[in-house]
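Each chain, written out:
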Amino acid sequence: MTLVEQIQSRFFAKKSDSLFDTSLVYCVLLLVGIGFVMVNSASMPVSERIYNNPYHITTRHCMFLGMSFILFWFSTSIPMTWWKRFNMPLLFVGLGLLILVLIVGREVNGSKRWIPIGPVGLQAAEVAKLCFFSYIAGYLVRKREEVQENIKGFTKPMIVFAVYAFLILMQPDLGTVLVMFVTTVGLLFLAGAKVWQFLALIMTGAGLVTLLIIFEPYRMARVVSFLEPWDDPFGKGYQLVQSLMAYSRGGWVGQGLGNSVQKLQYLPEAHNDFIFAVIGEELGFIGVISILLVIGTLVYRAFNIGQKALKAGKEYEGYLALAIGIWIAFQSVVNVGASAGLLPTKGLTLPFVSYGGSSLMVMTIAIGVLLRIDFEVNMATRQATGGRKK
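Residues numbered from 1 in each chain as written. Predicted model: local features only at pLDDT ≥ 70, side-chain atom pairs only at ≥ 80, totals over all residues. Heavy atoms only, no water.

Visitor: Tell me about the overall build of the protein chain, and name the residues and values.
Guide: When its secondary structure is counted, the protein chain shows 15 helices and 3 strands. In the protein chain, of all internal contacts separated by at least 6 residues, the share reaching a separation of at least 24 is 68%. Roughly 17,700 Å² of accessible area belongs to the protein chain as shown, and the carbon and sulfur atoms make up 67% of that amount. (Helix = DSSP H or I, 4+ residues; strand = E, 2+ residues; numbered from the N terminus. Contact = heavy atoms within 4.5 Å. Areas by Shrake-Rupley, 256 points an atom, 1.4 Å probe, with all protein chains shown as cover.)

So this is what it looks like as structure tokens:
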């Protein structure tokens, strides 16, 4: 029985002995459902103003959801041997997209991040992240001893990362670079890199990020506004001030679904990067904590799948699952932290919740890969034990 058939039997049959992590599927479905409702709620004012249709953004979001479910089906159907075999070609696919976007990309708000494909735009950096993480997982399988024993094995993947980071910073997109850096460092640490190498890399990365902020005026302005947003509430600190006001109005149970005031064109990017502030205003502290618990459960299940794969001797699958878990966790932390004033503003979506076609589709592929890993590990375990798992 294929994984797709397993999913169908699990949700539509009365009895089924599942070969995949159903709690992971439930978490994703919850986040996608919440995202659909909140994108609809948060985007109506801006859709009405720009497109003279309050459901324009919601309609596009539905289109992206449909495409995501198709990609999910494909990703669960592709065996992990394919990903393992083609992890190097995928690295060059990501590299090619990052170069292509600089040549033919569409510029939005000063950033050239989208490759136009008909009526939609493909965000090259989102695809590049998944390609890069697949390469890192493959590298750790091929060079694990080298990574553990000397600095050479540790620095090789960082050189590849530096090339990717340079191209992404040309867009510019510091947020994606930070996500890739943290995920790469986390994987190298889990693979057994020495502590001093880990600490040296963290310090080097922090120093480079500091320099990037200092020598780029708009990044410096974001940091200054993040530290003291109320010093310039109608200028540099405007977006964060409006976001904090949304949280403050939410209280324990919120103002009620659809009753946000800040989304009425006071809070920029209310349906995108700052959708969590609208969630806080409409659903309150209880709603915020509930969504964070769902995201936390999803990340925990991803780590659990990765550890299970490593124990079963499937190293590539294990490292890729761990990379996806770190990726989702850190990106969620940055998005929520930025909207709550705990971190400087970064253009990163909240996985499965924010509006953004490329992010939603690539994240859905990543979840399909996670389920495929779990499916294959469970199948291998059953075959090894000669029957059903107890």
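Following the structure, the description resumes.
Visitor: Before we move on, could you go through the nonpolar core and cite the residues and values that matter?
Guide: Counting 100 residues, the largest nonpolar core has Phe-132, Leu-140, Leu-298, Trp-327, Phe-352 and Ile-367 as the members making the most contacts within it. Looking at this core, the element that brings in the most residues is helix 13 (residues 275-311), giving 14 residues. In this structure, Leu-298 is in contact with Leu-24, Cys-27, Val-28, Leu-31, Ile-328, Phe-352 and Ile-367, ignoring residues within four places of it in sequence. (Core = buried A, V, L, I, M, F, W, Y, C linked by side-chain atoms within 4.5 Å. Buried < 20%, exposed > 50% of the residue type's maximum accessible area, 1.4 Å probe, protein only.)

Visitor: Provide a residue-level description of the pairing of strand 2 (residues 111-117), including the pertinent values.
Guide: Relative to strand 2, strand 1 (residues 106-108) is paired through 3 bridges, and the arrangement is antiparallel. Counterpart to Arg-106 in the pairing with strand 2 is Trp-114. In this structure, strand 2 lies alongside strand 3 (residues 120-123), joined through 4 bridges in antiparallel fashion. When the sheet's bridge partners are listed, Trp-114 is paired in strand 3 with Gln-123. Linking strand 2 back to strand 3 in an antiparallel pair, the connection comprises 2 residues, with Gly-118 at a positive phi of about 65 degrees. (Pairing = 2+ DSSP bridges.)

Visitor: Pulling in residues and values, what's your account of the sheet that holds strand 1?
Guide: Spatial strand order, 1-2-3: 3 strands in an open sheet with antiparallel pairing. Each having just a single partner strand, strand 1 and strand 3 make up the two edges of the open sheet. Each neighbouring strand pair of the sheet contributes to a mean axis angle of 50 degrees, computed without reference to strand direction. (Axes fitted to C-alpha atoms, helices over the stretch in contact; angles between N-to-C directions.)

Visitor: With reference to specific residues and values, describe the pattern of salt bridges.
Guide: If charged atoms from side chains of opposite charge come close, those side chains can pair. Per the stated rule, a full pass over the model turns up 6 salt bridges. Ionic pairing is found between Arg-301 and Asp-21, a salt bridge with its closest N-O pair at 2.7 Å. Residue Arg-301 is located in helix 13, and its partner Asp-21 is located in the loop between helix 1 (3-12) and helix 2 (22-51); the two are separated by 280 residues in the primary sequence. Its relative accessible area of 7% is what places Asp-21 among the buried residues. Here Lys-129 and Glu-126 are joined by a salt bridge, their closest N and O atoms 3.3 Å apart. You can see Lys-129 and its partner Glu-126 sitting in helix 6 (residues 124-142), 3 residues apart, about one turn around the helix. For Lys-129, a relative accessible area of 0% translates into the label buried. (Salt bridge = Lys/Arg side-chain N within 4 Å of Asp/Glu carboxyl O.)

Visitor: Hey, could you go over the packing of helix 13 against helix 14 (residues 315-339) for me, with residue numbers and the actual values?
Guide: Where helix 13 contacts helix 14, the two axes come as close as 8 Å, and the packing angle between them is 165 degrees. If you check the angle between helix 13 and helix 14, you find them roughly antiparallel. The chirality of how helix 13 crosses helix 14 is left-handed. Taken together, the residues that form the contact of helix 13 with helix 14 break down as 18 nonpolar, 6 polar and 2 charged. (Parallel < 35°, antiparallel > 145°, perpendicular 65-115°, else oblique. Left-handed = near helix turned anticlockwise from the far one by under 90°. Nonpolar A, V, L, I, M, F, W, Y, C, P; charged D, E, K, R; others polar.)

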